[in-house]
Amino acid sequence: MERLLEQIINGLQLGFVYALIALGYTMVYGIIKLINFAHGDVFMIGAFIGYFAYTFWGFSLWGAVLIAMILCAVLGVLIERIAYRPLRYAPRIAALISALGVSLFLEYFCSLKFVFGPNFRVVQPPVKQIHWNLGGIPITNIQIIIVAVVILLLLVLQYLVYRTKIGTAMRAVSFDHDAARLMGINVDFIIAFTFALGSALAAAGGVLYTLAYPQIHPFMGIMPGLKAFTAAVLGGIGIIPGAVLGSLIMGQVETLTAAYLTSQMRDAIAFLILIIVLLVRPSGILGRGGPEKV
Amino acid sequence: MERYFCTLLRRRERVRLALLGGLLASLYGALKLLSLAGLINEYWQRVLDQALITTIGALGLSIIYGFAGQFSLGHAAFYGIGAYTAGIIGKVWSQGSITFFLLALLAGTLAASFIAFLLGIPILRLRSDYLGIATLGFGVIVRVALENSNRFYPPLGGATGMTGIPQVANFDWIFWFTVGTLILVCNLIASSYGRAWLSIREDEMAADTLGINTTRYKITAFVLGCGLAGLAGGLYAYRYPYLHPSSFDFLKSFDFLLIVVLGGLGSISGTVVTAICWVFLLEGLRIILGQAFVDWRGVIYAVILIVTVLLRPQGLFSGKEWRLLFPSRDQDGTWGKEGKHASLRG
């Protein structure tokens, strides 16, 4: 029983980290219908910046999170400006290929010796892990930090998207670019802002990830990226609560498979569930599949 | 008058076949001569063979995505299924006999097709990105299965990879298999199947309304395309002595996708040229950059990719075909004018 609880809490921690990545995927997809394959690599760069910030530059954990978020937001805007904006009116597949290119570029560029280097680095997290036992529930301070930070960011995001002017503009652009432009919304700015927001969240996810899984390397973003995207599809892509729900499910599936079946099967099981969900509910758990139009 | 056109057409077709046959035979002869003269060394021969094998696989994806418009991100899974199926037959039973080699290729092709059929029936109902992500998931599942395959059957090697397949596929086999595939695909595209696929790609609902059994044609395209990936995989297994699950993961699927998209969706000539150029580019970079800059290979590869797609989002050969490849048509000459419709839609 204790083991099950422990695994569920581990899964929660993983799920919340995935949620931060999945939100970026889902917002970008919602607004320009692009699977931003480079997003997992932004997460990786966020993890590296966080690591450098708290190991070498003398920042605290919060400072590291903040600086990673800011730098990655800039990176996200740059990526959008250079690789996606010129293809906005090109066929959708062109932007997807460009996204793949950016993803490969970030991975290989970061593997260069004078950037991050191709090897694994072991991270010394700035927070010492403390094990607690809250009424029979085994929990660590790192898990509490991760869950608390993610919930805080989610609340901020929720407020931003549903209660502010810029959030309204984002939803308008995702609904219809042309109509939004006619209403006086600066569509290019809103799209850039969405990239900045998504990338900042991924960066925060990256830094938090290093606390729980203290090993980083330039290709670490691929699998979490794919899984987070899968989670976004699972919950219903383009829908913010859906991304969180999907991520939490993904996190549980992954940890429980690793704990009770074999750890090699966890990717297979996660994607098997995705395929089944897509077949039963193609628009995702929270998605609304509208009737097909001609 | 009509009879006159018919004979004209038939004569044009005969000329075309003679020209095409002559060209292919002289290409083959030239490459053979070069390798006999020692101008193509063992290393470049392997690169060339890899390029041809990649062409076969890419032609498969060209049918699925370029013509039928079904977005697949799991093509390498079928390549892997073909390679492992053909490879295990060769490793366990064949001792390098040619008959077994051909049987194993057939088995690899059929295995990939059969699995594509089973997978295609449920998932081809999905549209565009959803189909892409489902096939991507299938690719991950296949990779995990291959990594754990030694638990069910030790000779498959699992995560350590599989060795010991007799290396009987030489340049001659691979070249003529590529030519065969190319002719098959071109004729299919010019047939009623090709027209049905194009109509599904352009507008599935309109195709359905016009009485095209869209499910059937989508599955046919998927099964055929994946079968070609299986054939390519089989050839790969018999040409390169080491199979590893990581050679068949989603990065490989992206390779096929890049080739088909950069070549221009719905262009056979584009797919062939891009596939060959792509493989040579990857290897060429290794030579040009030398040992000191070998780390830069991935960066340059990525930059070339981004720049190409920014400059030509519609693909290098979009809407252009080498007409010699296709059966002659009447005076309207439909082929080569596909440009406007072949605009790629996701």
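Residues numbered from 1 in each chain as written. Chains lettered and ligands numbered in written order. Predicted model: local features only at pLDDT ≥ 70, side-chain atom pairs only at ≥ 80, totals over all residues. Heavy atoms only, no water.

## Overview of the nonpolar core
Condition: In these notes, a set of buried Ala, Val, Leu, Ile, Met, Phe, Trp, Tyr and Cys residues joined through side-chain atoms within 4.5 Å is what counts as a nonpolar core. Here the term buried applies to any residue with accessible area under 20% of the maximum for its type, exposed to any over 50%, and partly exposed to those in between, with areas from a 1.4 Å probe on protein chains only. The criterion used for residue contact is that any of the two residues' heavy atoms lie within 4.5 Å.
If you look at the biggest cluster of nonpolar residues, it comprises 218 residues, and the most contacted ones within it are B:Phe78, B:Leu257 and B:Ile268. When near neighbours in sequence (up to four residues on either side) are disregarded, B:Ile268 contacts B:Leu59, B:Ser62, B:Phe67, B:Leu182, B:Val185, B:Cys186, B:Ile189, B:Glu321, B:Leu325 and B:Phe326.

## Digging into the pattern of salt bridges
Heads up, the rule is: Here, a salt bridge means any side-chain nitrogen of Lys or Arg that lies within 4 Å of a carboxyl oxygen of Asp or Glu. To qualify as a helix, a DSSP run of H or I must reach at least 4 residues; to qualify as a strand, a run of E must reach at least 2; elements of each kind are numbered from the N terminus.
Counted by the stated rule, this structure contains 14 salt bridges over all chains. The partner of A:Glu254 in a salt bridge is A:Arg266, with the nearest N and O atoms 3.7 Å apart. With A:Glu254 in helix α10 (residues 240-260) and A:Arg266 in helix α11 (residues 266-280), this pair connects stretches of sequence that are 12 residues apart. Overall, A:Arg266 belongs to the partly exposed group, its relative accessible area being 33%. Among the charged side chains, a network of salt bridges with common partners joins A:Lys227, A:Glu254, A:Arg266, A:Asp267, B:Arg143 and B:Glu147.

## Re the environment of B:Asn170
All names here are of chain B. As for its placement among the helices and strands, Asn 170 is situated in the loop between β1 (162-163) and α6 (171-190). The class of Asn 170 is partly exposed, set by a relative accessible area of 35%. Along the sequence, Asn 170 and Gly 38 sit 132 residues apart, while their C-alpha atoms lie 16 Å from each other.

## A closer look at the interface of chain B and chain A
Basically, it comes down to this: Contacts described as polar in this section are N or O atom pairs within 3.5 Å, which, within protein, must combine one atom able to donate a hydrogen with one able to accept it, while residues neighboring in sequence count only if both atoms come from side chains.
Listed by partner, the interface residues are 44 residues for chain B and 48 residues for chain A. In this structure, the connection of chain B to chain A is made through one salt bridge. Residue A:Asp267 pairs with B:Arg143 through a salt bridge whose shortest N-O separation is 3.8 Å. The interface formed by chain B and chain A includes zero residue pairs in polar contact (both at pLDDT 80 or more). Mapped by element, the contributors of at least two residues to the side of chain B that touches chain A are α4 (98-123), α5 (128-147), α10 (250-263) and α12 (297-311) of chain B.

## Observations regarding helix α7 (residues 192-202) of chain B
Given 3.6 residues per turn, any residue in an α-helix points the same way as the ones three and four places further on. All names here are of chain B. Three or more residues of α7 are buried, namely Gly 194, Ala 196, Trp 197, Leu 198, Ile 200 and Arg 201. Tucked inside the fold, the buried residues of α7 contact α2 (42-67), α6, α8 (204-209) and α9 (214-239). The backbone nitrogen of Tyr 193 has a side-chain oxygen 3.1 Å away, supplied by the residue at the start of α7, namely Ser 191.

## Side note on the confidence of the model for chain B
Residue and element names in this part refer to chain B. Condition: One number per residue, pLDDT, summarises how confident the predictor is, and it ranges from 0 to 100.
When pLDDT is averaged along chain B, the result is 85, and 93% of the positions lie at 70 or above. Ranking the elements of chain B by mean pLDDT puts helix α1 (residues 2-36) last with 83 and α9 first with 94. Contacts from residues 331-346, a stretch scored under 50 in pLDDT, to residues over four places away or in other chains number 30 contacts.

## Overview of the packing of α10(A) against α11(A)
Each pair of packed helices can be described by the angle between their axes along with the distance between the axes. Residues and elements named next belong to chain A. Applicable threshold: Whenever a helix is involved, its axis is fitted only over the stretch in contact; in every case the axis is a line through C-alpha atoms, and angles between N-to-C directions fall within 0 to 180 degrees. In this scheme, roughly parallel covers angles under 35 degrees and roughly antiparallel covers those over 145, while 65 to 115 is roughly perpendicular and the rest are oblique. Crossing handedness is read from the near helix: turned anticlockwise from the far helix by less than a right angle, it gives a left-handed crossing, and turned clockwise, a right-handed one. Polar here means any residue other than Ala, Val, Leu, Ile, Met, Phe, Trp, Tyr, Cys and Pro, which are nonpolar, and Asp, Glu, Lys and Arg, which are charged; Gly is therefore polar.
Where α10 meets α11, the closest approach of the two axes is 9 Å, and the angle between their N-to-C directions is 140°. Considered as vectors, α10 and α11 are oriented oblique to each other. By crossing handedness, the relation of α10 to α11 is classed as right-handed. Residue-level contacts link Met 250, Val 253, Glu 254, Thr 257 and Ala 258 of α10 to Arg 266, Ile 269, Ala 270 and Ile 273 of α11. Per-class residue counts for the contact of α10 with α11 are six nonpolar, one polar and two charged.

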